[in-house]
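Summary of structural features
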Amino acid sequence: GEITNFIKVWLTAYASLSYCYFSAKVLPKGGAARLAAFLPVVCLFLLLPLQLHSVHLIGTTGFFLAWLSTFKLLLFAFDKGPLSTPLISLPRFIAVASLPIVLQQKSKSQGKLNQKSFLNYAIKAVLFALIIKTYDYEDRIHRRIIVVLYCFHIYLCLEIMLAVAAAAARWLLSAELEPQFNEPYLSTSLQDFWGRRWNLMVTRMLRPTVYFPVLDWSTGIVGRDWAQLPAVMSTFVVSGMMHELIFYYFGRVRPTWEITWFFVLHGACVVVEIAVKKAVGCRWRLPRFVGTAMTAGFVFSTGMWLFFPQFLRCKADERGLAEIAAAGAFVKDVVRAMVNS
């Protein structure tokens, strides 16, 4: 039943995106008419994840449709963003709109990058499998260690999931795709972590939808030099609200706003970091290993304080592990049946 609902949800999404594609052909570019035509689809995408109950399917659908697709459609309504590419075909339009991908031109170094990525993802897949196996001994491991494992679990799950989506689009569209992560565990600062390494698809969506409009607006108030600060803060607040929405899909309970405060705190710290860099310039800089250790420690500690309590409260961890166990048992039964036959 859940798989059937999942298929129905995505078929509905594809039909809605086809409507947007053909509507844009006859409506003026960058105007209220396009926005009015797309708003029903935006509202529909916000409701579609509520048709699902599986943690993994909700997370995927909520992230892809309710967040990324709605932002892309809002940009497209004003003839901006990745969907506004001239002469884009319907299959490519649907893929770019519904998946966390951005098409790019193939470079000479791309083949080497793909070879490196294959080994990189193979190692991460093994680590992810080891973490899943570790959960079998959860009753013998301290709870805080389990929460740390959840941090790695979420990162590895996201990176593998987005890599699979990108590989599927590469195979179907014969196009090279921009990376989704850039080794976030090597970040030397919070600005480096959020702006250049963690979930780059979200960063690429938040910049034109939130950051740049607020930057332009605040320039006339505080000047160009300091306009970056309210723009950064606004971006983190919107990111927090969207994460609250995803967590609501998981638990269907009234939000307690820890997730929003997590991003507000990180936004405030990034603002301070930018201000300090402006003040001292290049005259003083932390050693790389110190910056990396401090960044990782801050992300982990604040995550366990504000991010994971709501995640655990809706029992997303228990439900997700139960789904993985059920999927593993199904695969074992299939393999056993094939061997016996």
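Looking at an unreviewed UniProt entry, one finds the protein chain named Wax synthase domain-containing protein and attributed to Erythranthe guttata. Reading the Sequence similarities (unreviewed entry) entry of the UniProt record for the protein chain gives the comment "Belongs to the wax synthase family."

Below, the discussion takes up the overall build of the protein chain. Looking only at helices and strands, the protein chain has twelve helices and two strands in total. By the compact-globule yardstick of 20 Å for 341 residues, the protein chain fits well, its C-alpha radius of gyration being 21 Å. In terms of overall dimensions, the protein chain has C-alpha extents of about 70 × 55 × 50 Å along its principal axes. Taking the contacts inside the protein chain whose residues are at least 6 apart along the sequence as the reference set, 74% of them involve residues at least 24 apart. When the accessible surface of the protein chain is summed, it comes to about 18400 Å², and 68% of that surface belongs to carbon and sulfur atoms. In the protein chain, 34 side chains carry a positive charge and 19 a negative one; their mean positions are 7 Å apart.

Another aspect to go through is the packing of helix α1 (residues 2–26) against helix α2 (residues 32–47). Axes are the key here: two packed helices are described by the angle between their axes and the distance separating the axes. For the pair α1 and α2, the least separation of the axes is 10 Å and the interaxial angle reads 175°. As the angle between them shows, α1 and α2 are arranged roughly antiparallel. Residues Thr12, Ala13, Ser16, Leu17, Tyr19, Cys20, Ser23 and Ala24 of α1 pack against Arg34, Ala37, Phe38, Val41, Leu44 and Phe45 of α2. Of the residues in the contact of α1 with α2, the class split is ten nonpolar, three polar and one charged.

Counting residues in each nonpolar core, the largest one holds 92 residues, and the members touching the most others are Phe45, Trp67, Leu73, Phe93 and Trp194. Considering every element that reaches this core, the biggest residue donor is helix α3 (residues 55–77), with 14 residues.

Taken as a whole, the protein chain shows an average pLDDT of 86; of its residues, 93% reach a score of 70 or greater. Every residue in residues 108–115 is under pLDDT 50, and counting partners more than four places away or in other chains gives four contacts.

It is worth spelling out helix α7 (residues 190–197) at this point. Within α7, seven of the eight residues are buried, leaving the element largely enclosed by the surrounding structure. Leu190, Gln191, Asp192, Phe193, Trp194, Gly195 and Arg197 are the residues of α7 that are buried. For α7, the secondary structure elements touched by its buried residues are α8 (200–222), α9 (228–251), α10 (258–280) and α11 (288–313). Of the residues flanking the end of α7, it is Asn199, one or two places downstream, whose phi is positive at about 40°.

Let's shift gears to the state of the cysteines. Per the stated rule, a full pass over the model turns up zero disulfides. Note on Cys43: no disulfide assigned, nearest cysteine sulfur contributed by Cys20 at a separation of 12 Å. Of all cysteine sulfurs, the one in Cys151 lies closest to Cys269, which takes part in no disulfide; the gap is 17 Å. With a relative accessible area of 24%, Cys269 lands in the partly exposed category.

The grouping of Phe330, Val331, Val334, Val335, Met338 and Val339 at the surface amounts to a nonpolar patch, some 610 Å² of accessible area in total. For Val334, the position within the fold is in helix α12 (residues 316–340). With a relative accessible area of 35%, Val334 lands in the partly exposed category.

Definitions and cut-offs
Residues numbered from 1 in each chain as written. Predicted model: local features only at pLDDT ≥ 70, side-chain atom pairs only at ≥ 80, totals over all residues. Heavy atoms only, no water. UniProt positions renumbered as here; feature names shortened; annotations may be inferred. Helix = DSSP H or I, 4+ residues; strand = E, 2+ residues; numbered from the N terminus. Rg over C-alpha atoms; globule rule 2.2 N^0.38 Å. Contact = heavy atoms within 4.5 Å. Areas by Shrake-Rupley, 256 points an atom, 1.4 Å probe, with all protein chains shown as cover. Lys, Arg positive; Asp, Glu negative; His and termini not counted. Charge placed at Lys NZ, Arg CZ, Asp CG, Glu CD. Axes fitted to C-alpha atoms, helices over the stretch in contact; angles between N-to-C directions. Parallel < 35°, antiparallel > 145°, perpendicular 65-115°, else oblique. Nonpolar A, V, L, I, M, F, W, Y, C, P; charged D, E, K, R; others polar. Core = buried A, V, L, I, M, F, W, Y, C linked by side-chain atoms within 4.5 Å. Buried < 20%, exposed > 50% of the residue type's maximum accessible area, 1.4 Å probe, protein only. pLDDT = per-residue confidence, 0-100. Disulfide = S-S within 2.5 Å. Patch = residues over 30% accessible without salt bridge, like charges linked within 9 Å, V, L, I, M, F, W, Y side chains within 5 Å. Salt bridge = Lys/Arg side-chain N within 4 Å of Asp/Glu carboxyl O.

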